[in-house]
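Given next are the chains, with one letter for each unit.
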Amino acid sequence: GTAPPPGYFEHLGSYPMKRRDGGSFDTSTYYRSIHEDEGSRVWSSPGFDDYLRGEYERLVFPRHIQIAQNHGEARGAHSVISASFDRDQSLITLNPVLSGIDNRENIAAHQEMIRQEKILNAFFEIDLGLAWQTEFMPPLRELGFEPRMVLPNAGTGDVVVFAWEHE
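Quick look at the structure, then. Numbers given for residues are sequential positions, taken from 1 along each chain in its written order. Restriction of local features to residues with pLDDT of at least 70 applies here, the model being predicted, together with a cutoff of 80 or more for giving and counting side-chain atom pairs; totals for whole chains, interfaces and linings are based on all residues. Note that water and hydrogens are dropped before the side-chain values are worked out from all heavy atoms of the structure.

Attention now moves to the pairing of strand β3 (residues 40–44). The pairing of β3 with strand β4 (residues 63–67) spans five bridges and is parallel. Within β4, the residue paired with S40 across the bridge is R63. When the strands point away from the viewer and the connection leading from the first strand across the helix to the second strand turns clockwise, the crossover is called right-handed. Helix and strand assignments follow DSSP, with helices taken as H or I runs no shorter than four residues and strands as E runs no shorter than two, numbered in order from the N terminus. Assessed by its sense of winding, the connection that carries the chain from β3 through helix α1 (residues 49–59) to β4 is right-handed. Strands are labelled as partners when DSSP assigns at least two bridges between them.

Right, dumping it as structure tokens:
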């Protein structure tokens, strides 16, 4: 596709989409607010706020970034992750439903399933309006998921889309 006329939309980000024939193409996402963005608070895990600050400055979105940290609060043993499939595009989108001590292991198990099912395009969405979801950010990075874009007001708050490029 072609890009929209300059100045009409903000470019949120892009990511490569793989095709079953071995090819790939870049997909870009654009955004245009029809009202003034009055700002909001978003949550981040420690060490991830630099990425968010850079994106919010680039996009000129007024956000107060609050660092979410676990100060010994009890967490359940098991996390829950939902999965939405688009078989035609060989695409899966993962979303956290419940955080647990096993966040990393759960993400890794989903990666193994993605490999076994030969799903070519894998994404993980984190809602920055929900502090508990940021507990998934460190293991996502450790396991090779990279942030690709911030979608303003796409959930309870803004949503960060992570992509996992794998063979």
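Every α-helical turn comprises 3.6 residues, leaving residues that sit three or four positions apart pointing alike. Spanning 14 residues, helix α2 (residues 103–116) covers 20 Å between terminal C-alpha atoms, matching the ideal 20 Å at 1.5 Å per step. Considered for burial, the residues of α2 that qualify are N103, N106, I107, H110, Q111 and I114. An end-on view of α2 places all buried positions within 145 degrees of arc, on one side of the element. Exposed and oriented more than 90 degrees from the buried face of α2 are E105 and Q116. Contacts made by the buried residues of α2 are with β5 (80–86), β6 (91–98), β7 (121–127), α3 (137–142), β8 (145–151) and β9 (159–164). Positive phi shows up at K118, right after α2, with a value of about 60 degrees. Working rule for helices: expected span equals 1.5 Å times residues minus one. Remark: exposure states derive from per-residue accessible area (1.4 Å probe, protein chains only) relative to the maximum for the residue type, with buried under 20%, exposed over 50%, and partly exposed in between. Here the arc refers to the directions that run from the helix axis out to each C-beta atom. Contact between two residues is taken to exist if any of their heavy atoms lie within 4.5 Å; hydrogens are not considered.

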